[in-house]
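Listed here are the chains, written in short residue letters.
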Amino acid sequence: MTSLRIFFLGGLISFRALFSFLRPEIYIPSMLVAPIFQILLFVYIGRSAGLESDEFFVIGNAVQYAAIPCIFAMTFTIGGERFQKTLGYILVTPAPRLPLFLGRALPVIVNGFFVAAFALVVGGLIVGIHVPPSSVAPLALATAICAFSCTGLGLLGAAFGLLMREQAVLANVMFGFLLIFTGANVPVSALPGWMQSVSEVLPFTHGIEAAREIADGAPLADVADLLATEIAIGVVFGTVGYVLIRGAERLSLRHATLDRA
Amino acid sequence: MAESPRIARTLAVGFGLHLKMMTRSSFDGLLGVLWPLFFATVAFLMFRAGAGGESLVFASFGAAVMGIWSSTSTSAGSAMQRERWHGTLELLVTAPVHFAVILLPVTIAMAAMGLYSMTATLLISRFVFGVDLPFEEPFSFAVALVATVVSIGAMGFLLAVSFVRYRTAWALGNLLEYPVWLVAGFLVPLALLPGWVRPFSWVLAPTWGVDAIREAATGGGPWPEIGLALGLGAIYLAIGVAVLETVLTGARRAGTVALA
């Protein structure tokens with residue numbers, strides 16, 4: 001029961017406390033308007049380059065933009081506590097660590113899903129793509145799975161947040177790599193071989209591919225393997241991130257460096 | 001000290017000082033280089049997979065200038081806010097030189113930081129993607145580069161003074177990054193954009209700056225574009241000074257220079 005409370009209530013309270021600065025005047029330009037312009041930018045580059053359809057770029061960029069809320073927020077769950085001088089208090093509590101850290105991921109996944117879904121709907125309406133009504137629910141599921149897997153990667157960022165000072169730089173770099181490698185804008189098959197190998201193990205690659213197939217009318221069963229792979233990648237990154245967080249926590253306690261990086 | 005040398009010295013010292021400070025910041029320095037490079041790499045991959053050829057040359061110079069705008073847009077919006085956080089805004093406002101002379105070199109230094117990114121982008125374009133970049137008019141290319149940096153810096157100055165009353169100026173500055181990349185024709189020919197977008201492109205100095213750089217590189221004669229970029233920069237500066245006067249007068253009267 002305590003673990004469930006820490007997971008749900010603790011996660012929610014933590015999200016509200018750490019992201020109280022996400023007022024509408026920040027949330028709207030950063031989370032709702034910016035992805036629309038990213039979509040438009042790549043739609044027009046795609047038209048200029050004569051590459052793929054508008055739908056390809058709308059789906060790729062809308063889903064990939066979930067990286068902003070997911071990676072930044074997860075990285076900030078550690079950095080933000082340190083900034084607010086509350087990291088030490090949290091880590092000296094006897095609270096079980098698994099619900100403590102994973103609970104923080106849940107609101108992040110929900111927010112990441114909302115941002116991507118909003119970009120998908122509004123970007124799609126502006127550019128004028130058509131998605132069959134029967135594909136809407138599976139598309140939402142694929143988007144939510146992508147938000148989940150990216151939050152797993154974000155947990156890894158949170159672990160590095162215990163070790164380094166410049167978390168904003170780290171989160172931006174992770175976003176940039178996902179932009180290049182996940183097939184959001186360049187078909188994975190058009191990437192050099194070594195880049196294709198990297199893209200195979202990154203969040204979004206399989207989810208975006210599944211979302212595109214769903215938007216083209218494929219039933220959920222046809223993309224189940226892609227979505228399962230996406231979930232597995234999220235679980236692996238999340239597990240590695242959690243283990244590293246525990247390791248970094250022990251390291252920082254041993255060296256008394258919890259409040260500095 | 002006579003007024004002109006004092007202004008020139010303040011501009012030069014301010015530019016050098018802020019450039020040094022930014023090169024030591026991993027956010028402004030390292031990320032300032034990497035961030036536009038991510039987008040440039042995607043664009044190169046897209047053009048290589050698609051149209052290729054001449055479009056890669058077009059994209060290379062456009063992608064190179066993206067960094068100049070990025071380093072300005074993300075930082076200039078909150079330039080005055082940052083001084084406020086540091087507790088130095090009141091001191092700067094009460095300094096004997098006009099505050100515009102203090103702020104302008106800050107935003108030009110931000111734009112100049114983009115030159116690192118520009119160099120990196122051109123090197124990657126040449127040596128990773130094998131784009132055969134022309135440099136037909138080296139002298140006018142250098143002038144076009146300076147004109148682009150100065151005019152984008154002046155645009156940053158206008159952003160800085162326009163957003164001063166907004167606590168969340170950084171979010172507005174960030175928001176302007178993608179639209180200007182698109183509307184100024186960095187990676188997409190303006191002819192592909194809807195007609196109603198053109199007037200917005202024409203009043204943006206980066207549009208003429210990137211055009212000038214492309215013309216100089218390909219030997220097309222960049223001087224009209226250089227003139228337009230600098231002219232627009234001067235207009236931004238004049239509007240910025242007028243806005244600054246209004247904002248500062250109001251803030252002094254209300255005693256709210258340090259508040260927003």
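All residue numbers refer to positions counted from 1 along the written sequence of the respective chain. Chains and ligands are labelled by the order in which they are written, letters from A for the one and numbers from 1 for the other. Residue-level local features of this predicted model are given only where pLDDT is at least 70; pairs of side-chain atoms are given and counted only at 80 or more, and the full residue set underlies all totals for whole chains, interfaces and linings.

Caption draft 1: Region of interest: the overall build of chain B. The numbering of helices and of strands both runs from the N terminus, where a helix is a DSSP run of H or I of at least 4 residues and a strand a run of E of at least 2. For chain B, the helix and strand inventory stands at twelve helices and zero strands. The globule rule used here is 2.2 Å times the number of residues to the 0.38 power, and the radius of gyration it is set against is calculated over C-alpha atoms. For chain B, whose C-alpha radius of gyration is 19 Å, the value lies close to the compact-globule estimate of 18 Å for 260 residues. If one aligns the C-alpha atoms of chain B with their principal axes, the spans along those axes are about 60 × 40 × 35 Å. Every one of the 260 residues in chain B was classed for burial, and the buried ones make up 50%. Of the contacts made within chain B by residues no fewer than 6 positions apart, 81% connect residues no fewer than 24 positions apart. Whether a residue is buried, exposed or partly exposed follows from its count of other C-beta atoms within 10 Å of its own C-beta, namely 20 or more, 12 or fewer, or something in between, respectively; the C-beta atoms are built from the backbone. A residue pair is marked as a contact if its C-beta atoms, positioned from the backbone, fall within 7 Å.

Caption draft 2: Quick peek at the packing of helix 3 (residues 54-76) of chain B against helix 6 (residues 99-127) of chain B. Residues and elements named next belong to chain B. Axis definition: a line fitted to C-alpha atoms, over the contacting stretch in the case of helices. Angles run 0 to 180 degrees between N-to-C directions. At their nearest, the axes of helix 3 and helix 6 sit 7 Å apart, and the two run at 150° to each other. Taken together, the axes of helix 3 and helix 6 lie roughly antiparallel to each other. The chirality of how helix 3 crosses helix 6 is right-handed. Of the residues in helix 6, those in contact with S60, A63, A64, V65, G67, I68, W69, S70, S71, T72, S75 and A76 of helix 3 are T107, M110, A111, M113, G114, L115, S117, M118, T121, L122 and S125. Residues were grouped as follows: Ala, Val, Leu, Ile, Met, Phe, Trp, Tyr, Cys and Pro as nonpolar; Asp, Glu, Lys and Arg as charged; and all remaining residues, including Gly, as polar. For the contact of helix 3 with helix 6, the per-class residue count stands at twelve nonpolar, eleven polar and no charged. If an angle is under 35 degrees, it is roughly parallel; if it is over 145, roughly antiparallel; if it lies from 65 to 115, roughly perpendicular; otherwise it is oblique. Less than a right angle of anticlockwise turn of the near helix away from the far helix marks a crossing as left-handed, whereas a clockwise turn marks it as right-handed.

Caption draft 3: Local environment of the interface of chain A and chain B. Contacts between chain A and chain B engage 31 residues on the former and 31 residues on the latter. Where the side of chain A that touches chain B is concerned, the elements lending two or more residues are helix 2 (24-49) and helix 8 (167-181) of chain A. The class makeup of the residues in the side of chain A that touches chain B is 20 nonpolar, eight polar and three charged.

Caption draft 4: Focus on the environment of A:I59. Residues and elements named next belong to chain A. Within the fold, I59 resides in helix 3 (residues 54-64). Given 32 C-beta atoms within a 10 Å radius, I59 is considered buried. Distance from I59 to I145, taken between C-alpha atoms, is 14 Å for residues 86 residues apart in sequence. Setting aside chain neighbours within four positions, we find I59 in contact with L120, I208, A211, R212 and A215.

Caption draft 5: The arrangement of the nonpolar core in detail. Remark: nonpolar core denotes a set of buried Ala, Val, Leu, Ile, Met, Phe, Trp, Tyr and Cys residues whose joining runs through C-beta atoms within 7 Å. Judged by nonpolar contacts, the single largest core of 166 residues is most densely connected at A:A66, A:A116 and B:A43. Once residues within four sequence positions are removed from consideration, B:A43 is found in contact with A:I45, B:A59, B:A63 and B:L187.

Caption draft 6: Structural context of unusual backbone geometry. Residue and element names in this part refer to chain A. At K85, a position not held by glycine, the phi torsion is positive, near 65°. By the secondary structure assignment, K85 is in the loop between helix 4 (67-83) and helix 5 (87-91). The class for K85 is exposed, based on 9 C-beta atoms found within 10 Å. If you check the backbone angles, F204 has positive phi at about 85° while not being a glycine. Mapping F204 onto the fold places it in the loop between helix 9 (193-200) and helix 10 (205-215).

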